[in-house]
Amino acid sequence: MTVAAAIVLAAGEGTRMKSSVPKVLHTLGGKTLLHRVLDSVEGLNPGCLAVVVHFERNRVAQAVEQYSPNAVIVDQDEIPGTGRAVQCALAQIGDRLKSSTGPVVVTASDMPLLDTETLTSLIEEHQRSGNAATVLTTTLDNPFGYGRIIRDEQGHVQRIVEQKDANTAEQEVKEVNTSVYVFEPAVLMKATAGLDADNAQQEFYLTDALEMAHEFGFVGAYAAPDSLLVEGVNDRVQLAHLAKSHNRRVCEAWMREGVTILDPETTWIEDDVRLSRDVEVLPGSFLQGKTVVEEGAVVGPYTTLIDAQIDEGAHVERSRVQESHIGSRANIGPWTYLRPGNVLAEDTKAGAFVEMKKAHIDHGTKVPHLSYVGDAHIAENSNIGGGTITANYDGVHKNHTEIGAGVHVGAGNMFVAPVTVGSGVTTGAGSVIRHDVEDNSMVYSENSQHEVENWTPHTADDAPQGTADSQRK
Ligand code: UD1
Ligand code: CA
């Protein structure tokens, strides 16, 4: 199947979103609407991919270049409307179209669940019927806001009437335009040439081009087999509805693959996440980016994983883990914050109120309570006492802390990096470790205790008067 070109319309502001962010850059399941549509359209391998931009032009164009570096960016002028957008695209890619074969696909970019399969079926139907133009339609219980498909007595598609232009009878029609079309290139050129803005919104409607296409051949419609995939997003209520429905399907697909999801209503799994059999996901969890969870691991409740790798049998409870690797049977949480760059080996622990960043924790080592470990390597089978901090930042550089194997760190230690502590070391509670420590030593630092007897604390009433200077005398 050869597609000469795909034209993606992304110039609209999306006023109904009431946002300073262009509608197509809002996200569903961690990806922008634009990214999703471009992925699906690129699945067709079109000879040329044109994306029409206007509102927040630079932002949208930059996003297009990021997702589809080979796309042609088309600037729509000040004249509004989907029809005008296509005219502008044809002005730029028309010459290329003349020398290529296959039809042209035109699609809006506010339909985040549109997939390559649906597009392919539409094109196949268009070619099988030998149509001049074919529109992708669906039937909705609540068609409000959509253009309605108006058919004649024989059931042939006549035209599309927009919500704002529809009379009462037309508003009853539940079959709607999805804003995805296939045109023969010559038909699209001729049909869009004659558009005007004689309508309620005073815009050039692409829908009118479908009616014009009758002059050049048969105009058909293809009903999308799955209406959810072709629903558009015009406001944030629709966005939330589509996100929820899509997430529900993602959760169900994983359950069918052997993942236990206790409450799919409060579990959010993005498309690129990979889960294994017998993974258990507990309520209130967000699995994002390229997160991978291996067999038998338990995630949640209330856990966020972002680009995380969780190995077999690990537990991550009430925590946030980003760009980190959690080894088999490791125990994370509750209330643990793992910022990017951690590698925790098998049978390790990062317990309550522990924060880590670029920490490498070897096999069997435990950081159970209230600690910060950053830019550090702790070798195997060590134990870090509660309230321990690696002081990794001297105001200019981030410095490394190295702790050996089998080390027992007392409670409330401070490692002033750069510093290296050998293996088999024991440190006293409350130590400030500023200098390297030899293997198998016991180390503690002085912090002498002073006691003032019979001390009566000042109250607000008898607090000393005067300036700070006079008090000091
Ligand atoms: C459009 C269709 C309507 C259809 C609905 C499906 C028209 C006139 N109406 O209406 O029949 O049922 O989509 O969701 O086509 N855009 C531009 N330039 C513009 C205006 C819009 O590129 O000047 C782009 C938008 O960025 C968006 C798409 O075209 O991706 C659709 O625009 P939108 O304003 O959402 O059209 P609807 O009112 O939903
Ligand atoms: Ca729309």
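Just so we're clear, the structure is a prediction, and the values are computed from it rather than from any experiment.

## Some thoughts on the site of ligand 1
Thought 1: Residues in contact with ligand 1 amount to 23 residues; listed here are only the nearest, Gly81, Thr82, Gly147, Glu162 and Asn177.
Thought 2: The contact in question runs from an oxygen atom of ligand 1 to an N or O atom on the backbone of Gly147, over 2.8 Å.
Thought 3: Protein contact buries 90% of the 750 Å² of open area that ligand 1 shows by itself.
Thought 4: Those elements that place two or more of their residues in the shell around ligand 1 are helix H3 (82-98) and strand E10 (175-183).
Thought 5: For the shell around ligand 1, the leading source of residues is E10, giving 3 residues.
Thought 6: For the shell around ligand 1, a count of residues per class yields 8 nonpolar, 11 polar and 4 charged.

## Quick look at the domain arrangement of the chain
Thought 1: According to the domain assignment, the chain consists of domain 1 (5-230) and domain 2 (236-443).
Thought 2: Computed over C-alpha atoms, the centres of domain 1 and domain 2 are 46 Å apart.
Thought 3: With 16 residues of domain 1 in contact, the opposing surface of domain 2 contributes 11 residues.
Thought 4: Taken together, both faces of the contact between domain 1 and domain 2 bury some 1100 Å²; the carbon and sulfur share is 58%.
Thought 5: Linking domain 1 with domain 2 are 3 salt bridges.
Thought 6: For Asp271, the salt bridge goes to Arg36, with nearest N and O atoms at 3.2 Å.
Thought 7: At the boundary of domain 1 and domain 2, one finds 4 residue pairs in polar contact (both at pLDDT 80 or more).
Thought 8: Among the residues making up the side of domain 1 that touches domain 2, the classes are represented as 7 nonpolar, 5 polar and 4 charged.

## Focus on the pattern of salt bridges
Thought 1: By the definition in use, this model includes 18 salt bridges.
Thought 2: Of the charged contacts, one joins Arg128 and Glu125 as a salt bridge, the two residues approaching to 2.8 Å between their closest N and O atoms. A residue pair is termed a helical-turn pair when its members lie 3 or 4 positions apart in one helix, as Arg128 and Glu125 do in helix H4 (residues 116-129) at 3 residues.
Thought 3: In this structure Arg128 comes out as exposed when scored by relative accessible area, which is 64%.
Thought 4: Put simply, Lys357 and Asp375 hold a salt bridge, and the shortest N to O gap is 2.9 Å.

## Thoughts on the coordination of the calcium ion (ligand 2)
Thought 1: Ligation of the calcium ion (ligand 2) by protein atoms is provided by Asp110 (OD) and Asn234 (OD1), these donors lying 2.3 to 2.5 Å from the ion. Of the two residues, Asp110 is situated in the loop between strand E6 (104-108) and H4 and Asn234 in the loop between strand E11 (219-223) and helix H8 (236-256); the sequence distance between them amounts to 124 residues.
Thought 2: Look at Asp110 and you get buried, because its relative accessible area is 14%.

## Structural notes on a nonpolar patch on the surface
Thought 1: Residues Trp335, Phe353 and Leu370 make up a contiguous nonpolar surface patch of roughly 360 Å² in combined accessible area.
Thought 2: Mapping Trp335 onto the fold places it in the loop between strand E24 (331-332) and strand E25 (337-338).

## Brief notes about the state of the cysteines
Disulfides are covalent bonds that link the sulfur atoms of two cysteine residues.
Thought 1: Taken as a whole and assessed by the stated rule, the structure comprises 0 disulfides.
Thought 2: Here Cys48 stays free of any disulfide, with the sulfur of Cys88 as its closest cysteine sulfur at 15 Å.
Thought 3: On the accessibility criterion, Cys88 (10% relative accessible area) is buried.

## Notes on the pairing of strand E8 (residues 148-151)
Thought 1: Here E8 runs beside strand E9 (residues 157-161); their pairing, made up of 4 bridges, is antiparallel. Bridging from a neighbouring strand, Ile150 pairs with Arg159 of E9.
Thought 2: Taking the residues that link successive antiparallel strands as the turn, the E8-E9 hairpin has 5 residues, and the phi of Gly155 there is positive, at about 90 degrees.

Rules and cut-offs
- Residues numbered from 1 in each chain as written.
- Chains lettered and ligands numbered in written order.
- Predicted model: local features only at pLDDT ≥ 70, side-chain atom pairs only at ≥ 80, totals over all residues.
- Heavy atoms only, no water.
- Near = heavy atom within 4 Å.
- Polar contact = N/O pair within 3.5 Å; in protein donor to acceptor, adjacent residues only side chain to side chain.
- Areas by Shrake-Rupley, 256 points an atom, 1.4 Å probe, with all protein chains shown as cover.
- Helix = DSSP H or I, 4+ residues; strand = E, 2+ residues; numbered from the N terminus.
- Nonpolar A, V, L, I, M, F, W, Y, C, P; charged D, E, K, R; others polar.
- Domains from an automatic or database assignment.
- Contact = heavy atoms within 4.5 Å.
- Buried area = accessible area lost by both parts, 1.4 Å probe.
- Salt bridge = Lys/Arg side-chain N within 4 Å of Asp/Glu carboxyl O.
- Buried < 20%, exposed > 50% of the residue type's maximum accessible area, 1.4 Å probe, protein only.
- Donors = N, O, S within 2.8 Å, 3.2 Å for Na, K, Ca; no water.
- Patch = residues over 30% accessible without salt bridge, like charges linked within 9 Å, V, L, I, M, F, W, Y side chains within 5 Å.
- Disulfide = S-S within 2.5 Å.
- Pairing = 2+ DSSP bridges.

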